[in-house]
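# Commentary on secondary and tertiary structure
Chain residues, written in single-letter form:
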Amino acid sequence: MKGKRLWHTLRLWMISSSIKRAEYARKHNLYNAIGENVSIMDRKVPLYSNLIRFHNNIKVASNVHFITHDITHRMLNCVKMGGEFQEVVGCIEVMDNVFIGSNTTILNNVRIGPNVIIAAGSLINKDVPPNSIVGGVPARVIGNFDEYVAKRKKQYYPPEISPRDQEVCKSLSDLLWERFDAKKEI
């Protein structure tokens, strides 16, 4: 890791808030662009981060890898196949209203459309269509954003027992276990 990238990675480790990490990245131009209301859990600055563009209202969970390059040219150039192979580099663009789940890998030359949810552990190797939910390795469409929003509106618990300070109170815990047990047959 080169000096400037290492320095910013170390600085990001010192910022506890994912929203403040995105603000730091915006202030220091670590990416091509970062819109408003962006949250980045990871603390590592990706290689060629200037090839990554974030629009507005994006939540990036922990351990998400943005891969803007491919180094197979190093192997190919050692095979002596005639000619020099260049490093493949490409852009990644994340449009408005996107959630990217933990342990997801996003390869170069990919655009993630607006209103998208990416399931944890996914491999994004091609463009993600707008208004979709994708998951898997490689990722494929597994749902519709609007249907997900409608389903989430039905999930409710009283606001006064909402999680606070990364803690779930006994009342909420009891309610969730009651609902969980009622749905399970085993």
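One structure accompanies this document, and this report is about it. All residue numbers refer to positions counted from 1 along the written sequence of the respective chain. Where local features are concerned, this predicted model is filtered to residues with pLDDT of at least 70; where side-chain atom pairs are given and counted, the filter is 80 or more; whole-chain, interface and lining totals use all residues. Here the side-chain values reflect all heavy atoms present in the structure, with hydrogen atoms and water set aside.

## Remarks on the overall build of the protein chain
A run of DSSP states H or I qualifies as a helix once it reaches four residues; a run of E qualifies as a strand once it reaches two. Both are numbered from the N-terminal end. Helices and strands together make up the secondary structure of the protein chain, namely five helices and 15 strands. Summary of the burial criterion: residues with accessible area below 20% of their type's maximum are buried, those above 50% are exposed, and those between are partly exposed, where the area comes from a 1.4 Å probe applied to protein chains only. Residue burial in the protein chain is summarised as follows: out of 186 residues, 31% are buried. When checking whether two residues touch, look at their non-hydrogen atoms; a contact exists if any pair is within 4.5 Å. The long-range fraction of contacts in the protein chain, counting pairs at least 24 apart against all pairs at least 6 apart in sequence, stands at 25%. On the protein chain, roughly 12200 Å² of surface is accessible, and the fraction owed to carbon and sulfur atoms is 55%. Two residue types count as positive, namely Lys and Arg, and two as negative, namely Asp and Glu; His and chain ends fall outside the count. A single reference atom marks each charge: NZ on Lys, CZ on Arg, CG on Asp, CD on Glu. Positive and negative charge centroids in the protein chain, built from 26 and 18 side chains respectively, lie 5 Å apart. Calculation of accessible area relied on Shrake-Rupley with a 1.4 Å probe; when residues are assessed, cover is drawn exclusively from the protein chains displayed.

## Looking at the sheet that holds strand 3 (residues 52-54)
Here the rule is simple: two strands pair whenever DSSP picks up at least two bridges between them. What the four strands build is an open sheet, ordered 1-3-8-11; its pairing is parallel. Looking at which strands have only one partner, the edges of the open sheet turn out to be strand 1 (33-34) and strand 11 (110-112).

## Structural notes on a positive patch on the surface
The grouping of K151, R179, K183 and K184 at the surface amounts to a positive patch. Note on placement: K184 falls in the segment after helix 5 (170-183). Using a relative accessible area of 47% as the deciding quantity, one classes K184 as partly exposed. Two joining distances apply to patches: 9 Å for like charges and 5 Å for nonpolar side chains (Val, Leu, Ile, Met, Phe, Trp, Tyr), and every residue must have over 30% relative accessible area and no salt bridge. For this document, the term salt bridge refers to a Lys or Arg side-chain nitrogen within 4 Å of an Asp or Glu carboxyl oxygen.

## Remarks on the sheet that holds strand 10 (residues 105-106)
Taken together, three strands build an open sheet; the order of strands is 5-10-13 and the sheet is parallel. Looking along the sheet, the strands with just one partner apiece sit at the ends: strand 5 (65-66) and strand 13 (123-124). Inspection of the sheet shows strand 10 paired to strand 13 by two bridges, in the parallel sense. By the bridge assignment, T105 is partnered in strand 13 with L123.

## Let's talk about the pattern of salt bridges
Applying the stated criterion across every chain, the model contains three salt bridges. Of the charged contacts in the structure, one is a salt bridge between E93 and R53, with a shortest N-O distance of 3.4 Å. In this pair, E93 sits in strand 8 (residues 92-94) while R53 sits in strand 3, placing the two residues 40 residues apart along the sequence. The class for E93 is buried, based on a relative accessible area of 9%. It is possible to trace a salt-bridge network through shared partners that takes in R53, E93 and R111.

## Thoughts on the packing of aromatic side chains
Pairing of aromatic side chains requires ring centres within 6.5 Å, counting the rings of Phe and Tyr and the six-membered ring of Trp. Pairs whose planes differ by under 30 degrees are stacked, by over 60 edge-to-face, and all others tilted. Taken as a whole and judged by the stated rule, the model has three aromatic pairs. Geometrically, the ring pair formed by F54 and F66 is edge-to-face, given 5.5 Å between the ring centres and 90° between the ring planes. With F54 in strand 3 and F66 in strand 5, this pair connects stretches of sequence that are twelve residues apart. Residue F54 shares its accessibility class with F66, and that shared class is buried. Every member of this aromatic cluster is reached through a ring pair, and the members are Y31, F54 and F66.

## Some details on the nonpolar core
Buried Ala, Val, Leu, Ile, Met, Phe, Trp, Tyr and Cys residues form a nonpolar core when they are joined through side-chain atoms within 4.5 Å. F54, F66, V94, I100, I106 and I112 are the most contacted members of the largest nonpolar core, which totals 30 residues. For this core, the secondary-structure elements that each account for two or more residues are helix 2 (18-27), strand 2 (38-40), strand 3, strand 4 (58-60), strand 8, strand 9 (98-100), strand 11 and strand 12 (116-118). The element contributing the most residues to this core is helix 2, with three residues. If near-sequence neighbours (up to four positions away) are discounted, V94 is found in contact with R53, F54, H55, I58, F66, I100 and I112.

## A closer look at the pairing of strand 14 (residues 132-135)
Burial of the side chains of strand 14 extends over both faces: S132 and V134 are buried on one face and I133 and G135 on the other. Of the pairings in the sheet, the one linking strand 12 to strand 14 comprises three bridges and is parallel in character. Across the sheet, I117 pairs through a bridge with I133, a residue of strand 14. The pairing of strand 14 with strand 15 (residues 140-144) spans four bridges and is antiparallel.

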